[in-house]
Amino acid sequence: MMRRTAEPFALNAARRYRVCLAWVCACIAAVGVGCTSPRDWIANGFKVGPNYRKPCAPVAPDWIDANDKRVIGDPVNATAWWATSFNDPVLNQLVTEAYTQNLTLRQAGARIAQARALRQIVVGNFFPQQQSVSADYSHNLSTGRGGDRHFSSWRGSFGLAWEIDFWGRYRRAIESADADLDAAMYEYGDVVVTLVADVAATYIDIRTLQTRLELIKLNVENQRQTYEVTEVRFRLGESSEVDVQQAKSSLVQTEALVPQVETALRQSQNLLCILLGMPPEDILGILGAGSIPDVKPEIAVGIPAATLLQRPDVRRAERVLASQSALIGVAESDLYPHISLVGTVGRSANQFEDLFRGGSGFGSVGPTFNWDILNYGRLAGNIEFQDARFQELLAAYRQTALTANLEAENAIVQFLKNQERFELQLEAAKAADKTNELITLQFTEGEPIDFNRVFSVQNTKTQQELAAAGTKGDVAQSLVAIYRALGGGWPSPYLRTPIMASIEQDDDSDSVEEIETPPAEEESAEDEPAIDQVLENPVEETTGD
């Protein structure tokens, strides 16, 4: 009696053992037919697909102008470069307002929220993918004869299906989502870098145009006096009408520059308004008068590898590459069987009051096995696609690093050569001003002098002074270009991380979170340069060797 009972039990145990062994062998064989070897699968933490490693990027070992004493190899401190470089409270406030109000930056912040939400979805797939509670009631009628052919059915159950992450499909998907979130953060940083640089560049444009407008008006007044003297001399018979008309032509030609510069000034104001997230309006009253910012002749740029590879756009390209690497593993996991655990528990009875009594419960649990064995052409093609996409993004990452190196080198040489160009242009402007002073004195004192020479000297003075003002602005603009190329301005303790909650639409400016303004020394009204000093050298002189 005992023998008959033990034999079926032993047979069932042996059968279960063989089934389990067959499953293990099948899984190992499945790894063998895929792209990842069993050894790599185990070494990868039981995940198929490649393990990502950050690739190298082609960056120059040093700057081309590293031997120039103005190019300093110290680490870059660009967290608040706009404040430390220009020391302008108005510019500091503009950067702060742009950070809190710029709509392009808000779009980038919303994309971070999207990436974070998508990551939550992907992480949720790691746990039981299907979870459901169901309940139903039906009143039934049988087709037989006799007895009570009417009966009811009450049923309630809870079921779940959990695909075991045997091949790392969901863990690779989480890796990809993590990298996508990082990429969204770096994209936000890239927008911050661009925004700060655009605000500074536009502000310098406005100050340069204001200076040029002042110089034009001074030259108009100078030429108007010459024109009036010419008219007096014509009435006295000391000059011809040709001189009068030539003086008038020179005056009107210079006056025509005023609306041209005023148009450019208004356009720069409008651009600044858009950067501040506000409709275009006249903001000269807010900006007030000011001069073209001065800069120091030296700049710390670090070394290319330590500086350029930290740019937000370069780091974003690297994170996008990491995300794609994980997607190769997701695609490869489709080559292998999907092993799931399915279970259901519930209660069923013909009467509601019997639903919670003994004997009404039921349940089931067991594994499922699904293997797309006839779709290897499609699955293998998807793996090849994901791998080719990885190669494309790898080239894009390296190209981004090369472009960063190019932009930095161009900005550095512009900064250095613009300083030299401004020194020469300033000397030319001073010589033209002195020449104009001498020839105007001779002309007003009635000395015989060819008016063509007066006309030529005054026009040259106007052109040289405007060129010097533009070159002074170019020096400041090239400094902005350097910090843009080095990724300056992010991360910055003065520009806080955006709140990734839902962005509320609120037109009340009082609701905008106040951002700490970078430190800058306040300038008194007495420190502002007079109009005759607008062409002073913007490069601060340093003492010592």
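Quick notes on the rules
- Residues numbered from 1 in each chain as written.
- Predicted model: local features only at pLDDT ≥ 70, side-chain atom pairs only at ≥ 80, totals over all residues.
- Heavy atoms only, no water.
- Core = buried A, V, L, I, M, F, W, Y, C linked by side-chain atoms within 4.5 Å.
- Buried < 20%, exposed > 50% of the residue type's maximum accessible area, 1.4 Å probe, protein only.
- Contact = heavy atoms within 4.5 Å.
- Pairing = 2+ DSSP bridges.
- Helix = DSSP H or I, 4+ residues; strand = E, 2+ residues; numbered from the N terminus.
- Axes fitted to C-alpha atoms, helices over the stretch in contact; angles between N-to-C directions.
- Salt bridge = Lys/Arg side-chain N within 4 Å of Asp/Glu carboxyl O.
- Polar contact = N/O pair within 3.5 Å; in protein donor to acceptor, adjacent residues only side chain to side chain.
- Phe/Tyr/Trp six-rings, centres within 6.5 Å; stacked < 30°, edge-to-face > 60°.

**Student:** So what's going on with the nonpolar core? Residues and values would help.
**Tutor:** Counting 92 residues, the largest nonpolar core has W81, W82, F86 and V199 as the members making the most contacts within it. With residues near it in sequence (within four places) discarded, F86 still touches W81, L91, I204, P293, D294, V295, A476, L479 and V480. Counting residues in each nonpolar core, the second largest holds eight residues, with V48, L335, Y336 and L379 among its members.

**Student:** Go over the sheet that holds strand 6 (residues 361-370) with me, naming the residues and quoting the values.
**Tutor:** Reading across the sheet, the four strands line up as 2-3-5-6 and stay open at both edges, with antiparallel pairing between neighbours. Each edge of the open sheet is held by one strand with a lone partner, namely strand 2 (130-141) and strand 6. Adjacent strand axes in the sheet meet at a mean angle of 20 degrees when their direction is disregarded. Taken together, the ten bridges between strand 3 (residues 150-163) and strand 5 (residues 338-349) define a ladder with antiparallel strand orientation. Its bridge partner lying in strand 5, R155 is registered against S348.

**Student:** I'd love a proper account of the pattern of salt bridges, names of residues and values included.
**Tutor:** Side-chain pairs of opposite charge can arise where the charged atoms are in close proximity. Throughout the structure, instances matching the rule amount to 20 salt bridges. Across the salt bridge formed by E318 and R319, the nearest N and O atoms sit 3.0 Å from each other. The residues E318 and R319 share a single accessibility class, namely buried. What emerges from the salt-bridge pattern is a single network uniting D68, R70, K417 and E420.

**Student:** Tell me what's going on with the environment of E255, and back it up with residues and numbers.
**Tutor:** Tracing the backbone shows E255 in helix 7 (residues 241-255). Among the residues examined, E255 registers a relative accessible area of 27% and is labelled partly exposed. Sequence separation of E255 and E221 is 34 residues, and the distance between their C-alpha atoms is 9.6 Å. Apart from the residues within four sequence positions on either side, E255 is in contact with V220 and R224. Among the polar contacts made by the side chain of E255, one reaches the side chain of R224 at a distance of 2.7 Å.

**Student:** Could you give an account of the packing of aromatic side chains, with specific residues and numbers?
**Tutor:** Scanning the entire structure with this criterion turns up 14 aromatic pairs. Ring centres of W81 and Y483 lie 5.0 Å apart, and the angle between their planes is 10 degrees; on these two criteria the pair is classed as stacked. Of this pair, W81 sits in helix 3 (residues 81-86) while Y483 is found in helix 13 (residues 451-485), placing the two residues 402 residues apart along the sequence. Accessibility assignment for this pair places W81 and Y483 in one class, buried. When the ring of F166 is compared with that of W167, the centres are 4.7 Å apart and the planes differ by 80 degrees; the resulting orientation is edge-to-face. Look at F166 and you get partly exposed, because its relative accessible area is 28%. With a relative accessible area of 4%, W167 lands in the buried category.

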